[in-house]
Each structure stands twice: as structure tokens, then as C-alpha cells.
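Observations on the model geometry
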Amino acid sequence: MTLEELTGEHSMGKMDTVGNALQEVLNKAKLQRTITIGVYEAAKLLNVDPDNVVLCLLAADETDDQDVALQIHFTLIQAFCCENDINILRVSNVSRLAEILGTSDKPGEPADLHCILISSLHPSPCKDTAMQEVICFCKESRYLDQWVPVINLPER
């Protein structure tokens, strides 16, 4: 077995672990109402209370990559998060995210899942093992010069 195969298997196992941890974080945040969904809602929260935000998720499917306005929003949000030491993850499967988070609060209108902010779940996010797993993954990625790591949420 080559080194690439070994590291590939390791990173896939790590991705699955982080994906499961992220799913747990999303479920907890939804229950505890510490989640902000939507590009504009996220921008408003980042403007008012950035110190409480511990994680920013930017979600886009392949079709969203062609949306110039969305990409500009992503660039601005990423810059703000980097400057304010907020962990960022890019989620590549919006449909799975929709399954986890459910439908929109507004009937007949799909939720804007392109940007999701998670505010502090505990006085210290270190006490939440799932959140700690996600934050460690973000920090490891930054150490490897991957400032916005991409993760795929596991299917059911």
C-alpha cells in the first residue's frame, strides 16, 4: 500500500468522524436555538455579536458555484470569520443539510442554508466533545494551509 492510499484512508475516516460530529453539533444547536440560518441573518449576527459565534458553515452544491452573488457573500463572510477567529467549514451537500435541519420557518419558501452560524453551545465550547472534534478539524486544516476545509455530511 502506498503512502497516498494510507493517508487517503486516514483522512476519509477522519472526514466521517468530523461529519458525524458536525451532524451532532447541528442537532444540538437546533434544539438549543443557538443556530442562525441564512446569508443575511448570518451577516446581521456577525455584525452585532461575532464573539459568540464559534462555527460558520458555508454550504453550496455544484450549481451554486455559478452564482456570482453567493460567491461574493461567501468571500466576505470568510474574510470576516478569519479576522474574528471564527472556525469555518464548507459543506458540499446542501440536501443532506436540509434533511438534518428540516424545512423553512416560512411555509412554501425553502430555507437559505448557504450560510449557517453556530453560537456557543456552552459557556466553553471545549465541554462539548462533538464541537471540540469539529473545531480541532478546522484548526488542523488551517495548520495545513487549508483555511476553509470542505466536508461532506454522512448519509443516513
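What you are looking at is a predicted structure, and each value in this text was computed from that prediction instead of being measured.

Here we look at the environment of threonine 75
If you trace the backbone, threonine 75 turns up in helix α3 (residues 68-83). A polar contact of 2.9 Å, which involves the side chain of threonine 75, links it to the backbone oxygen of glutamine 71.

With respect to the packing of helix α2 (residues 39-48) against α3
The geometry of α2 relative to α3 is characterised by a closest axis approach of 11 Å and an angle of 25 degrees between their N-to-C directions. Taken as axis vectors, α2 and α3 run roughly parallel relative to one another. The crossing of α2 and α3 is left-handed. Only Leu70, His73, Ile77 and Phe80 of α3 make contact with α2, whose side of the interface consists of Val39, Tyr40 and Leu46. Of the residues belonging to the contact of α2 with α3, the class tally is six nonpolar, one polar and no charged.

A closer look at a nonpolar patch on the surface
Taken together, Val68, Ile72 and Leu76 make up a surface patch of nonpolar side chains, about 310 Å² in accessible area. Mapped onto the fold, isoleucine 72 is located in helix α3.

With respect to the side chain of serine 119
Checked against the element boundaries, serine 119 lands in strand β4 (residues 115-119). With residues up to four places along the chain from it excluded, the contact list for serine 119 reads Thr34, Leu45, Asn52, Val53 and Val54.

Re the sheet that holds strand β2 (residues 53-59)
Taken together, five strands build an open sheet; the order of strands is β1-β4-β2-β3-β5 and the sheet is mixed. A single partner strand is all that each edge strand has here, and the edge strands are β1 (35-37) and β5 (150-151). Bridge count between β2 and strand β3 (residues 87-91): five bridges; the pairing is parallel. Its bridge partner lying in β3, leucine 57 is registered against leucine 89.

Parameters and conventions
Residues numbered from 1 in each chain as written. Predicted model: local features only at pLDDT ≥ 70, side-chain atom pairs only at ≥ 80, totals over all residues. Heavy atoms only, no water. Helix = DSSP H or I, 4+ residues; strand = E, 2+ residues; numbered from the N terminus. Polar contact = N/O pair within 3.5 Å; in protein donor to acceptor, adjacent residues only side chain to side chain. Axes fitted to C-alpha atoms, helices over the stretch in contact; angles between N-to-C directions. Parallel < 35°, antiparallel > 145°, perpendicular 65-115°, else oblique. Left-handed = near helix turned anticlockwise from the far one by under 90°. Contact = heavy atoms within 4.5 Å. Nonpolar A, V, L, I, M, F, W, Y, C, P; charged D, E, K, R; others polar. Patch = residues over 30% accessible without salt bridge, like charges linked within 9 Å, V, L, I, M, F, W, Y side chains within 5 Å. Areas by Shrake-Rupley, 256 points an atom, 1.4 Å probe, with all protein chains shown as cover. Salt bridge = Lys/Arg side-chain N within 4 Å of Asp/Glu carboxyl O. Pairing = 2+ DSSP bridges.

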